[in-house]
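# Structural overview
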Amino acid sequence: SNPNKIAAMKSKKIVIAHRGASGYLPEHTLASKAMAFAMDADYLEQDIVLSKDTVPIVIHDIHLETVTNVKDVYPNRKRADGKYYVIDFTFDELQKLDVYERFNPETNEAVFPERFPLKKSKFKLHSLQDEIEFIQGLNKSTGKNIGIYPEIKEPKFHKNEGLDISKIVLEILSNYGYKTKNDNCILQCFDSDELKWIRFDLKSELFLVQLIEFEDEENKLEEFATYADGIGPWYKQIIKEKDTNGVWQISNLVKNAHKNNLKVHAYTFRADKLDGFTTFNELLQVALFDANIDGVFTDFPDKAVKFINKN
Ligand code: G3P
Ligand code: CA
């Protein structure tokens, strides 16, 4: 009945499982990816960092002590800043670590205390290749066609280590059949120089998403559109404060992005971190239908899939 809503519905809204079903299982474990797959997310996200022997590892941070027992297994392998870098360990060495729910390495307390219990059960790190084979295997055995959504993490850090992370990742993606916009793979990065490098120098034809986090980036949409197909903003760049009537104020970012033919996939939607919203569905309603974003990165893909299917 609401014409805005009908127009907004015309293109399908997508659900990206942020680090897997990370609201329920430790982030980026294959278990969390299997769960998100079964929940019918459209895409499963991979954050990517290189190991010492240049294997792309699926992990969010360039260091290890926030999600693993690296301090116990390799106590002497920290750098001067006290951190244990993925790049300082070979893939075989990384396999010896146990992976846990995210925690604060200073206090040993879980970041999300209501989630999967800390240091319980057995989880391991894995490579991008491992994860692609896992997802492609699940696509085959279920007849689904769920996509991947890799993020190149900190390309300048990798460059300082003498490595072109994007070149390594793109070659692997290509080997597994992810080459063009039609291949169910979206590649994301915060670093605009790197995305230009990927588009113009590495000549990738993949669907590219420019992640953003700052207000001054919101004026660069025309430039983004010269190399990217979408933007990935923090949702608070779109949904601002509540006005005096209790109505959420929406910025022009989505409208302006759409004028530049850019899709908008916003992060990160968490049912256990509502930031002033009464319910998770209210947050999803404002983001997906009032603000008209095209997709959500969420730790709770089941809830977003259910919301979209009923609306
Ligand atoms: O990639 C979208 C969102 O995941 C960006 O934030 O820090 O979770 O990688 P982050
Ligand atoms: Ca990410």
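Quick notes on the rules
- Residues numbered from 1 in each chain as written.
- Chains lettered and ligands numbered in written order.
- Predicted model: local features only at pLDDT ≥ 70, side-chain atom pairs only at ≥ 80, totals over all residues.
- UniProt positions renumbered as here; feature names shortened; annotations may be inferred.
- Helix = DSSP H or I, 4+ residues; strand = E, 2+ residues; numbered from the N terminus.
- Rg over C-alpha atoms; globule rule 2.2 N^0.38 Å.
- Buried ≥ 20, exposed ≤ 12 C-beta atoms within 10 Å, placed from the backbone.
- Axes fitted to C-alpha atoms, helices over the stretch in contact; angles between N-to-C directions.
- Parallel < 35°, antiparallel > 145°, perpendicular 65-115°, else oblique.
- Left-handed = near helix turned anticlockwise from the far one by under 90°.
- Contact = placed C-beta atoms within 7 Å.
- Nonpolar A, V, L, I, M, F, W, Y, C, P; charged D, E, K, R; others polar.
- Near = placed C-beta within 6 Å.
- pLDDT = per-residue confidence, 0-100.
- Core = buried A, V, L, I, M, F, W, Y, C linked by C-beta atoms within 7 Å.
- Expected span 1.5 Å × (residues − 1).
- Arc of directions from axis to C-beta.
- Pairing = 2+ DSSP bridges.
- Right-handed = clockwise from strand over helix to strand, strands pointing away.

- The protein chain has the name glycerophosphodiester phosphodiesterase in an unreviewed UniProt entry, where Lutibacter maritimus is given as its organism.
- In the Catalytic activity (unreviewed entry) part of its UniProt record, the protein chain is described as follows: "a sn-glycero-3-phosphodiester + H2O = an alcohol + sn-glycerol 3-phosphate + H(+)".
- Quoted straight from UniProt, the Sequence similarities (unreviewed entry) entry for the protein chain says "Belongs to the glycerophosphoryl diester phosphodiesterase family."

### Quick notes on the overall build of the protein chain
- Helices and strands together make up the secondary structure of the protein chain, namely 12 helices and 13 strands.
- Against the 2.2 N^0.38 benchmark of 19 Å for 311 residues, the protein chain shows a C-alpha radius of gyration of 19 Å, consistent with a compact globule.
- Taken over the C-alpha atoms alone, the protein chain extends approximately 60 × 45 × 45 Å along its principal axes.
- In the protein chain, buried positions account for 42% of the 311 residues.

### Overview of the packing of helix H2 (residues 30-38) against helix H5 (residues 128-142)
- Contact pair H2 / H5: the axes reach a minimum separation of 11 Å and the direction vectors enclose 30°. Judged by the inter-axis angle, H2 sits roughly parallel to H5. Relative to H5, the crossing made by H2 is right-handed. Residues Leu-30, Lys-33 and Phe-37 of H2 form the contact with H5, whose own contacting residues are Glu-131, Phe-134, Ile-135 and Leu-138.
- Grouping the constituent residues of the contact of H2 with H5 by class yields 5 nonpolar, no polar and 2 charged.

### Focus on unusual backbone geometry
- For the bond from Tyr-267 to Thr-268, the omega torsion is -20°, close enough to zero to count as cis.
- Position of Thr-268 among the secondary structure elements: in strand E12 (residues 263-269).
- Unlike most non-glycine residues, Arg-19 shows phi in positive territory, near 60°.
- Note that Arg-19 resides in the loop between strand E1 (14-17) and H2.

### Considering the site of ligand 1
- Close to ligand 1 lie His-18, Asp-47, His-60, Glu-151, Gln-188, Leu-211, Gly-232, Tyr-267, Thr-268 and Phe-297, which account for all nearby residues.
- Broken down by class, the residue content of the shell around ligand 1 amounts to 3 nonpolar, 5 polar and 2 charged.

### Examining the confidence of the model for the protein chain
- Averaged over every residue, the pLDDT of the protein chain is 96; residues scoring 70 or more account for 97%.
- The complex prediction reports pTM at 0.96, with the ipTM value standing at 0.98.

### Quick notes on the nonpolar core
- Residues Ile-16, Tyr-43, Leu-44, Ala-287 and Val-296 are the most contacted members of the largest nonpolar core, which totals 84 residues.
- A total of 5 residues in this core trace back to one element, the largest contributor, which is strand E2 (residues 43-50).

### A closer look at H5
- The terminal C-alpha atoms of H5, which comprises 15 residues, lie 21 Å apart, in line with the 21 Å expected from a rise of 1.5 Å per residue.
- For H5, every residue scored as buried is listed here: Leu-128, Glu-131, Ile-132 and Ile-135. All buried residues of H5 fall inside an arc of 100° around its axis, so they share one side. Along H5, exposed side chains directed more than 90 degrees from the buried face belong to Gly-137, Lys-140 and Ser-141.

### Some thoughts on the environment of Lys-196
- Looking at the element boundaries, Lys-196 is found in helix H8 (residues 192-201).
- Classification of Lys-196 as partly exposed rests on a count of 18 C-beta atoms within 10 Å.
- Once the C-alpha coordinates of Lys-196 and Thr-226 are considered, the two residues, 30 residues apart in sequence, prove to be 8.9 Å apart.

### Some points on the pairing of E2
- Burial of E2 is extensive: 8 of the 8 residues sit out of reach of the surface.
- By the alternation rule, side chains of E2 split into Tyr-43, Glu-45, Asp-47 and Val-49 and Leu-44, Gln-46, Ile-48 and Leu-50, which are all buried.
- Pairing geometry for E1 and E2, over 2 bridges, is parallel. Among the inter-strand pairings, Ile-16 is bridged to a residue of E2, identified as Tyr-43.

### So, the UniProt feature "domain: GP-PDE" (unreviewed entry) in the protein chain
- UniProt records the feature "domain: GP-PDE" (unreviewed entry) at residues 13-308, using the numbering of this structure.
- In this annotation, residues 13-308 is assigned 30% helix and 19% strand; the end-to-end C-alpha distance for the span is 7 Å.

### Concerning the pairing of E12
- In terms of residue burial, E12 counts as a mostly covered element, since 6 of its 7 residues are buried.
- Two elements, strand E9 (residues 230-232) and E12, share 2 bridges in a ladder whose sense is parallel. Across the sheet, the residue bridging to Gly-230 is Lys-263, located in E12.
- The sheet contact formed by E12 and strand E13 (residues 295-298) spans 3 bridges and is parallel. Within the sheet, the bridge partner assigned to Phe-269 lies in E13 and is Thr-298.
- The handedness of the E12 to E13 crossover, carried by helix H11 (residues 280-290), is right-handed.

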